[in-house]
Amino acid sequence: MASTEAQPRFGQSVKGLLSDKVGSCSVDAIALTRQVLKVSRSQELLGQAARNMVIQEDAILHSEDSLRKMSIITTHLQYQEAIQKVEHSQNLQDQLIHL
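Residues numbered from 1 in each chain as written. Predicted model: local features only at pLDDT ≥ 70, side-chain atom pairs only at ≥ 80, totals over all residues. Heavy atoms only, no water.

Rules: UniProt positions are given in the numbering used here, feature names are shortened, and annotations may be inferred rather than shown by experiment.
In the nomenclature of an unreviewed UniProt entry, the protein chain corresponds to BLOC-1-related complex subunit 7 from the organism Hippocampus comes. UniProt's Sequence similarities (unreviewed entry) comment on the protein chain is quoted here verbatim: "Belongs to the BORCS7 family." In its Subcellular location (unreviewed entry) section, the UniProt entry covering the protein chain states "Lysosome membrane".

Written out as structure tokens, the structure reads:
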């Protein structure tokens, strides 16, 4: 009789262990899913940051190009101003010679 009583207890304990194990595996699967989603979100954020950096780099390069062009224009205007001053002084010299 002892063996017939032990079998139902053994069956119940196995069912309990299996139930515990299934619960534990479910918790692990949920944790794994959360981690995968977290990593996926991190990858998405890294990709977005990389795209933003490329946009910023392009803006910086464009700004550098604009500054270089403005520097060339400034130099050109300074040359023109110097030429005008020379021409003006030549005109004054010509007027003085005619007097």
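**Notes on the pattern of salt bridges**
Inclusion rule: Basic side-chain nitrogens of Lys or Arg form a salt bridge, by our definition, when they fall within 4 Å of a carboxyl oxygen of Asp or Glu. The secondary structure listing takes helices from DSSP runs of H or I that are at least 4 residues long and strands from runs of E that are at least 2 residues long, numbered from the N terminus. For every residue, the accessible area obtained with a 1.4 Å probe (protein chains only) is divided by the maximum for its type, and the residue is called buried under 20%, exposed over 50%, and partly exposed between those limits.
Applying the stated rule across the entire model yields four salt bridges. Notably, a salt bridge pairs Asp65 with Arg68, separated by 2.7 Å at the nearest N-O pair. Of this pair, Asp65 and Arg68 are both found in helix H1 (residues 2–98), three residues apart, which corresponds to roughly one turn of the helix. What makes Arg68 partly exposed here is its relative accessible area of 47%. For the salt bridge of Glu81 with Lys85, the shortest nitrogen-to-oxygen distance reads 3.9 Å. Residue Glu81 and its partner Lys85 are both found in helix H1; the two are separated by four residues, about one turn of the helix. Residue Glu81 is classed as partly exposed on the basis of its relative accessible area of 43%. In the salt-bridge network here, residues are joined through shared partners; they are Asp65, Arg68 and Lys69.

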